[in-house]
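# An overview of the molecular structure
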Amino acid sequence: MPVEEKWKANQEKVTFMKQFPGLTLAWDQLQGKTIEAVAPLPSKAGAAVIVLSDGSFTVAPPLAPEPWELTEGLGAARRFLEPKHREAFTE
């Protein structure tokens with residue numbers, strides 16, 4: 001197969017994957033859904049496919065937040081987390 005045909009076939013494959021049914025690309029689309037499975041990506045330590053019970057899914061990078069991200073995240077989610085982790089927020 002000539003290089004141009006291989007390139008075109010690869011582009012078609014990528015286009016198909018990006019439109020795969022259930023692919024979720026925005027965090028707010030996961031709200032209220034239940035995680036059914038987490039499948040690690042063999043080629044990238046810590047990265048995983050998160051599969052939801054309704055058949056939707058997303059691919060997530062390794063969970064390794066920077067300290068500033070943790071600070072901002074705890075502030076953003078405080079109203080959800082504080083009732084369950086009151087002592088930690090008090091400290």
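Note that this is a predicted model, so its numbers are computed, not measured.

For the rest of this paragraph, the subject is the overall build of the chain. Across its full length, the chain holds four helices and three strands. The linear arrangement of helices and strands in the chain, starting from the amino end, is α-β-β-β-α-α-α. The C-alpha radius of gyration computed for the chain amounts to 19 Å, which surpasses the reference 12 Å derived for 91 residues by more than 25%, pointing to a less compact arrangement than a globule. Along the first, second and third principal axes, the C-alpha set of the chain runs to 65 × 30 × 20 Å. Looking at the chain as a whole, 13% of its 91 residues are labelled buried. On the chain, roughly 7900 Å² of surface is accessible, and the fraction owed to carbon and sulfur atoms is 60%.

Judged by pairing direction, the sheet is antiparallel, and its three strands sit side by side in the order E1-E2-E3 without closing on themselves. Of all the strands in the sheet, the pair left with one neighbour each is strand E1 (35-40) and strand E3 (57-60). On average, each strand axis in the sheet is tilted by 20° relative to the strand beside it, whichever way the strands run. In the sheet, E1 pairs with strand E2 (residues 48-52) via five bridges, with the strands oriented antiparallel. Within the sheet, the bridge partner assigned to alanine 37 lies in E2 and is valine 51.

Reading the values: the criteria
Numbering of residues starts from 1 in every chain and runs along the sequence as written. For a predicted model such as this one, the threshold for reporting local features is a pLDDT of at least 70, and the threshold for listing and counting side-chain atom pairs is 80 or more; totals across whole chains, interfaces and linings nevertheless cover every residue. Excluded from the side-chain calculations are hydrogens and water; all other atoms, namely the structure's heavy atoms, are used. What counts as a helix is a DSSP run of H or I of at least four residues, what counts as a strand is a run of E of at least two, and both are numbered from the N terminus. A radius of gyration in this sense is built from C-alpha atoms; the matching globule rule multiplies 2.2 Å by the number of residues raised to 0.38. Exposed residues in this analysis have more than 50% of their type's maximum accessible area, buried residues have under 20%, and partly exposed residues fall in between, with area computed by a 1.4 Å probe over protein chains only. Each accessible area is a Shrake-Rupley result for a 1.4 Å probe, and residues are judged covered by the shown protein chains and nothing else. Two strands pair if DSSP finds at least two bridges between them. Interaxial angle, 0 to 180 degrees, is taken between N-to-C directions of lines fitted to C-alpha atoms, where a helix line uses only the stretch in contact.

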